[in-house]
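Okay, here's what each chain looks like letter by letter:
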Amino acid sequence: MNFNLEHSVNQQINVPNNSGVTLYVKREDAIHPFVSGNKYRKLKYNLLEAEKLGYKTLLTFGGAFSNHIAAVASAGQLMGFKTIGVIRGDELKEAVNDNTTLHFAQQSGMQFEFVSRESYREKTSDLFIKKLKTKFGDFYLIPEGGTNTLAIKGCEEILNEDDRGFDYICCAVGTGGTISGLINCSKPSQQVLGFPALKGDFLTQDISKFALKTNWELKTDYHFGGYAKINAKLITFINQFKKDYAIPLDPIYTGKMMFGIFDLIEKGYFPKESKILAIHTGGLQGITGMNTVLKKKNLPLIV
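Residues numbered from 1 in each chain as written. Predicted model: local features only at pLDDT ≥ 70, side-chain atom pairs only at ≥ 80, totals over all residues. Heavy atoms only, no water.

Turning to the side chain of N38, a few remarks are in order. Assignment of secondary structure puts N38 in helix α1 (residues 37-52). If sequence neighbours within four positions are ignored, N38 has contacts with T178 and T281. (Helix = DSSP H or I, 4+ residues; strand = E, 2+ residues; numbered from the N terminus. Contact = heavy atoms within 4.5 Å.)

This is the structure:
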C-alpha cells in the first residue's frame, strides 16, 4: 500500500455571493478507491507499526455497514495481513452475501467473528480480548473506528501548508480521532468545527484526550436524530449537492457536516470574507447499504 500519496485536492464550492464567504472541500475521499479519507489516515501508522512489530494478523471491530471494517479488510489485503472483524450483531452471520460492506470485506480476505450486541459492549474489556486471543492467536488490535494515538498522528497530516490561509476547518465527527488530528495540526488563527454524526456529550471528553489545543467547537444540531439516522430532507440535500458540484456525500458523516455548513452560512454564522475548508472523510462505500434501508422505509434513495 502506498503511503507516499500526494496531498488531496481542495475543490471550491460556489456559495451565495451575499454570504461573503468562500468554501472549499478537501477531497480526502479520492485518496484511495477502498481505503479512503480518514480511514487511510488512521490506518497508515497503525499498519506500519504492526509490520514493524512483526504481526501477521489485524483484528478490529465494527457494525453492519462500517467504513472501518471495509477499510481494514482492504488495507490488510494490500499489505499482506490476515484480518479479523468482530461484528456487532450475531444475526448478521446469515446475511453476509446480502450486505455490501461485509461481502466486500469477506472478498478482501477478512474473517468474521459475529457477537451479540450485548457481548459487543464488552469489546474493550481484558476478558473479551483474552478470549479473542485464545481463539485466534496473537494479533495487532485496532479499536473500533480506528482511533488511537497512531491514528491521530496520521490525521495530523490531513492539513498542509496550502491550507494555512483558511479561517475555519470543518469535519464530521464519529469517534473523535480525525478532528483531534486536525486540531493538533491547525494554526492558532484557525477555528476547527466538528459536526457529530451521533447524539451524546461524551465526544467532548474523548476529543480532549488527544487534542493539544483549544481552538475547536462541536456543532451538535446536525446529527438528524443520531448515528445512521437520516430523513428525506438530508437525502434531498445530498443528491442536490452531488448534482451541483459532482461531489458525492455519504449520509452518515459528510452529508450531515455539509448540511450543517450550508445552514450556518445561511444563518450568517461565518464572518464576511471567511475562508472555510470542509474535510471530505470518505465513507462512500456505505451508500449502497443505506439505500437498502431507505428502500424498506419507502424513502428517496441516494443517487
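Our focus in this paragraph is unusual backbone geometry. The residue A246 is not glycine, and still its phi comes out positive at about 60°. Take A246: it is sitting in the loop between α9 (232-245) and α10 (254-266). A246 gets classed as exposed once you look at its relative accessible area, which sits at 61%. At N298, a residue that is not glycine, the phi angle is positive and equals roughly 60°. Residue placement: N298 occurs in the segment after α11 (287-296). (Buried < 20%, exposed > 50% of the residue type's maximum accessible area, 1.4 Å probe, protein only.)

Spatial ordering of the open sheet is given by β5-β4-β3-β6, a layout of four strands whose pairing is parallel. Edge positions in the sheet fall to β5 (110-115) and β6 (140-141), since each has one partner strand and no second. Sheet analysis places strand β3 (residues 57-62) next to β6, joined by two bridges and oriented parallel. Residue pairing across strands places L58 opposite Y140, the latter belonging to β6. (Pairing = 2+ DSSP bridges.)

Let's shift gears to the side chain of D163. With respect to the element layout, D163 can be found in the loop between α6 (149-155) and β7 (168-173). The exposure class of D163 is buried, given its relative accessible area of 2%. When near neighbours in sequence (up to four residues on either side) are disregarded, D163 contacts N10, K26, I158, Q190 and L277.

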